[in-house]
Number of protein chains: 4
Amino acid sequence: MTQASLRGRVISRSVARDTDVQAWEPKGRYRLTRVGVTNLVKPVRVRRPSGEVVLQPVIDVFVDLPPELKGSHLSRNVEVLGEGVDLSLRDPVTSLEDLCQRLARQLLVRHEYASWSQAQARADYFLEREVGNGRTSLERYRLIARAQAHREDPIRVRKLIGVEVVGISACPCAMEGVREIISKERPELSGPIDQIPMMSHNQRNVATLMLEVPEDVELEANDLIDLVEGQLSAPTKELLKREDEARLVIQAHSNPKFVEDIVRDILDAVVRQYPDLPDDTSVIVRSESKESIHKHNAFAERVTTMGELRS
Amino acid sequence: MTQASLRGRVISRSVARDTDVQAWEPKGRYRLTRVGVTNLVKPVRVRRPSGEVVLQPVIDVFVDLPPELKGSHLSRNVEVLGEGVDLSLRDPVTSLEDLCQRLARQLLVRHEYASWSQAQARADYFLEREVGNGRTSLERYRLIARAQAHREDPIRVRKLIGVEVVGISACPCAMEGVREIISKERPELSGPIDQIPMMSHNQRNVATLMLEVPEDVELEANDLIDLVEGQLSAPTKELLKREDEARLVIQAHSNPKFVEDIVRDILDAVVRQYPDLPDDTSVIVRSESKESIHKHNAFAERVTTMGELRS
Amino acid sequence: MTQASLRGRVISRSVARDTDVQAWEPKGRYRLTRVGVTNLVKPVRVRRPSGEVVLQPVIDVFVDLPPELKGSHLSRNVEVLGEGVDLSLRDPVTSLEDLCQRLARQLLVRHEYASWSQAQARADYFLEREVGNGRTSLERYRLIARAQAHREDPIRVRKLIGVEVVGISACPCAMEGVREIISKERPELSGPIDQIPMMSHNQRNVATLMLEVPEDVELEANDLIDLVEGQLSAPTKELLKREDEARLVIQAHSNPKFVEDIVRDILDAVVRQYPDLPDDTSVIVRSESKESIHKHNAFAERVTTMGELRS
Amino acid sequence: MTQASLRGRVISRSVARDTDVQAWEPKGRYRLTRVGVTNLVKPVRVRRPSGEVVLQPVIDVFVDLPPELKGSHLSRNVEVLGEGVDLSLRDPVTSLEDLCQRLARQLLVRHEYASWSQAQARADYFLEREVGNGRTSLERYRLIARAQAHREDPIRVRKLIGVEVVGISACPCAMEGVREIISKERPELSGPIDQIPMMSHNQRNVATLMLEVPEDVELEANDLIDLVEGQLSAPTKELLKREDEARLVIQAHSNPKFVEDIVRDILDAVVRQYPDLPDDTSVIVRSESKESIHKHNAFAERVTTMGELRS
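Conventions used here
- Residues numbered from 1 in each chain as written.
- Chains lettered and ligands numbered in written order.
- Predicted model: local features only at pLDDT ≥ 70, side-chain atom pairs only at ≥ 80, totals over all residues.
- Heavy atoms only, no water.
- Least-squares fit on C-alpha atoms with pLDDT ≥ 70 in both.
- Contact = heavy atoms within 4.5 Å.
- Buried area = accessible area lost by both parts, 1.4 Å probe.
- Salt bridge = Lys/Arg side-chain N within 4 Å of Asp/Glu carboxyl O.
- Polar contact = N/O pair within 3.5 Å; in protein donor to acceptor, adjacent residues only side chain to side chain.
- Helix = DSSP H or I, 4+ residues; strand = E, 2+ residues; numbered from the N terminus.
- Nonpolar A, V, L, I, M, F, W, Y, C, P; charged D, E, K, R; others polar.
- Pairing = 2+ DSSP bridges.
- Buried < 20%, exposed > 50% of the residue type's maximum accessible area, 1.4 Å probe, protein only.

> Lay out the relation of the copies chain B and chain A with the relevant residues and their values.
Once chain B is rotated about the relating axis by 180° and shifted along it by 0.0 Å, it coincides with chain A to within an RMSD of 0.0 Å. Such a combination of rotation and displacement between the chain copies is what one expects of a two-fold axis. Of the C-alpha atoms belonging to chain B, the one lying closest to the rotation axis is found on Met199(B), 1.8 Å away. Both copies share a contact surface, since 100% of the interface residues of chain B are interface residues in chain A too.

> Quick one: what's the story with the interface of chain C and chain B, residue by residue and with numbers?
Contact residues are listed per partner, giving 73 residues for chain C and 73 residues for chain B. Across the chain C to chain B interface the summed buried area is about 6,600 Å²; carbon plus sulfur atoms make up 53%. Between Glu301(B) and Arg34(C) there is a salt bridge, and its shortest N-O distance comes to 2.8 Å. The tally of links from chain C across to chain B stands at 24 residue pairs in polar contact (both at pLDDT 80 or more). Per-element accounting of the side of chain C that touches chain B gives the leading share, nine residues, to strand β1 (residues 32–41) of chain C. Residues belonging to the side of chain C that touches chain B are distributed by class as follows: 33 nonpolar, 16 polar and 24 charged. Taken together, the five bridges between strand β11 (residues 297–305) of chain B and β1(C) define a ladder with antiparallel strand orientation. Considered in β1(C), the bridge of Ala298(B) is made with Val37(C).

> Go over the environment of Val58(B) with me, naming the residues and quoting the values.
All names here are of chain B. Tracing the backbone through its elements, the reader meets Val58 in strand β4 (residues 58–65). Distance in space between the C-alpha atoms of Val58 and Tyr274 is 29 Å, their sequence separation being 216 residues. Apart from residues lying up to four places away in sequence, Val58 is in contact with Asn39, Leu40, Val41, Gln120, Ala121 and Arg122.

> Hey, could you go over the pattern of salt bridges for me, with residue numbers and the actual values?
It is possible for side chains of opposite charge to pair when their charged atoms get near one another. The final tally for this structure, using the stated rule, is 136 salt bridges over all chains. Of the charged contacts in the structure, one is a salt bridge between Arg156(B) and Glu152(B), with a shortest N-O distance of 3.0 Å. By relative accessible area, Arg156(B) is classed as partly exposed at 35%. Judged by its relative accessible area of 40%, Glu152(B) is partly exposed. Among the ionic pairs, Glu176(C) bridges to Arg179(C), the shortest N-O distance being 3.8 Å. One end of the pair, Glu176(C), and the other, Arg179(C), are both in helix α3 (residues 172–185), three residues apart, so they sit about a helical turn from each other. Residue Glu176(C) shares its accessibility class with Arg179(C), and that shared class is buried. Through salt bridges with shared partners, one network takes in Glu79(A), Glu83(A), Arg110(A) and Lys241(C).

And the structure:
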């Protein structure tokens, strides 16, 4: 530990020094790729097709910083965000990615030295779902959004729209294994059990779909949620009466899937449902099962582009 | 915002003032029930029956503070902990609760003004388990320990020994519901399916047992882990080959349990296996299922004493 | 591992068995103190003095379970919650504790076998604060609420209202130590530096106040937030321009406090500002500093009653 | 909700079907970029220069999966890990990245269909540090490691070695602002205060350095920790007696730094201390301050290569 000593210390200060500390010249000439603030939480009004909702996103905003500047003016980021959020109260954004786009553009305006900016946000989001017999439940999903603005002429923006869906995955391999054991140990049951799904391990699966597209491509998060939820063994539901619960269990076991299957089925649905997405659309798909029989998770992922998927 | 002004501010300092800021007289005369440091992480050597292991507990230590003192000497807590940990390198503790007991006693020695002290710790802990065909796997558990020392003559210490076990719970209600649906819709299968367990939802369940006893009562965490793990529908295993996985699924479904059943079965096993625990032993049992069909968890708990359980 | 075998297994089922699995008689005769669902997240409309806000609380609900019942009907908990939340859309609750009270009462209605019920919730909450020069910022706080209903005639409800505030704590002890070092090593500076606050370590402090009162006592969370925020060395602010930031730093250092001081000052403010709270009001006050000079936290707490505080 | 029906369901099973479900042909022809298991926790023995230590890393392992296979054999991942860990008991690895390298190579052996594999790990790590007057304290750091193996002839492996260090950052801008306010409002103090550091906001800063290099380049994590810790305003220390604490505060304030400064200073130290690292070495440097005056964090990052840094 190099302990500080005050003996003889004199802080050198030229009287005329610029009081804008951020503008001082830094030691070394290193460009920084991302400078900003993270973990800002603000309520944001969003005008959805189904009416206005209030989201509480966790937001990060960044710009790059050229080598000749000591610091980025971080309070400007918070100002940009504050104005964006205030604005959303009068003029609601239409989506979380719309908010990120506005923020990313405004960040470039306020940080005149930056050549690039980024705003990203995550928020819980609720949709009403039928849960049987006309009953409904507000189900929780997660929205992911990001926008990156490049200082070109004109400014070029790419935006990412993502969703995270918690559903059920039932394991096809364990189900097969159970059938084999029963067939071997109780051969007289072999015929009947081949006609119905068997027990298997099943668990919460978190499936994620993220698409990054040019600013003018419109995608609707609700559609992405439906797409993803449809590829799980079954959805999870907050409210289930007795028979609905049993039917949901049967549905999941009628449709057993590995994490690999879920990722491929989401990829397949994206290819079929979004034929017009440009080739350079980035596509990230994930599925993670909180395995009921293990303490660890099973995980599958594909990182690709629409062009590659279609080729 | 009451903004600070330096105009005319003079910090009042009597020249002869005691430099022990903690000993200054506080504003108001309020006793504090717990003052200390939290979230200390240190590796600790523990001599277990099966050999020496290194735990990495997260530790909190506290004492009470009489109304006439401004501050507790927090660095003494860290010293006590550091000495305890150093000591464990030369003279390993025998358990996490043994560490907490030593710390709680030493805290009373060092904080001469305190009438009470507490040390609590949580750590991951690994046991080798058979996973089929002679293979083994190191399975992860969680140890919970706490000791409270009361300044009486002699000092009286109570210690808490707890374990957290992740296992499988399979739902008996959904299984019944599935049988009913199949019996109704496929009556010809009704006989065969009554002879085997049916599919149900199953998931990770975190079951907890904590016992608080006088200092001289010895309990072995490994035994508590076995006790708890035995009451789940089945244990979770990190390594499962194909047939072992199917057999574990059958085991869990042959033994379907609500969270309520798991708590009651742990209580029952405690009563049967620990007949000699004193009546004033505190008993806390919990079971929480990360429901595969819901986004929320199911939870059951009993907080009681051995005396009450036996009555 | 006791592996399951299907050889000869026959599931015993009496044809006329009650299909309400929860009503089956459990093994053992153990009462459970809390059975319910945890980690439910739902958006809730709350009519605040300043207008309507949408909170996204994480909610847990529980009832007790008598020994003769195997299971609690957990879906009823979710129904109660769903109805409470739906109701809040038409008839907004007035606070998070109002929501919890409604839920706790309704839980007793729906679980006719329960003698006690509990609903607890936590939610982020935003208040507009001045941050200097007429600018404002939406600052984030945390609301904590709980209600417990006891089946007496009439039903008796106690509710807990709590707030969590993130502010700054600056350490008085390190500031004194810095003065001493400077006075000793640079005696010529001793006079000037006694007239202004000195550098010290400062950090985020999470201060908590929770009061549990009978149902008919009204407390306003905004007032509790103001009370707690006023006892920290200074508040934290999301938006600070250069001079405001420096003034906030001076404010915090003009008002250095231990975690112990913060707890005592909150206790003192509660005693002064709430003279009419009943003697049996439970009072919990905490302060935890994420120490900038350590990897661990400093912590102080008082658990008491209003009667004890006033005596 | 598409509810499952059992009416008329017949599970199609060819008698001779391959029982290796993972080898079935999947629907769609999509390659997967990462398939594996996450969140495995195992104790691992590591032979460090200073003696043997036990780490408890959280480990993820992945391989890619060609389009013609339905599933990856996930249990092989756990076997590879189990063998690696068992092996470490007899033949301790020399570092966390050494473990990851062994795992990545072995993954390619066991998943004969994979063209790529990855193993990553994170673990707490403790080093003894002087804390003043000959006292020492075990300080906590975080190790990050990753290895990626590419099936070429011979197999090519790149490994990432990273460290995360918690230290103090003191803000230079607020310190300047404080000086200005005091100089303006108490001009008579202007001379003296220019000779010593002033109060500022200071907080925990998490600084990260990660270097990805070819397998045969040796880097020592202890050196990286020293390098990073040396670029913070000051280190954090678990144990500080009164004067040591004040000196640490003075040290931090004598060395105020933005998150941007910390990143640049780490980059500069890497360039100076590692002149022999190949040009294609990936370099990631981050600094995140848990701002004491805000509820959000300040963040800076550079993602680059050694070649780019030196150019």
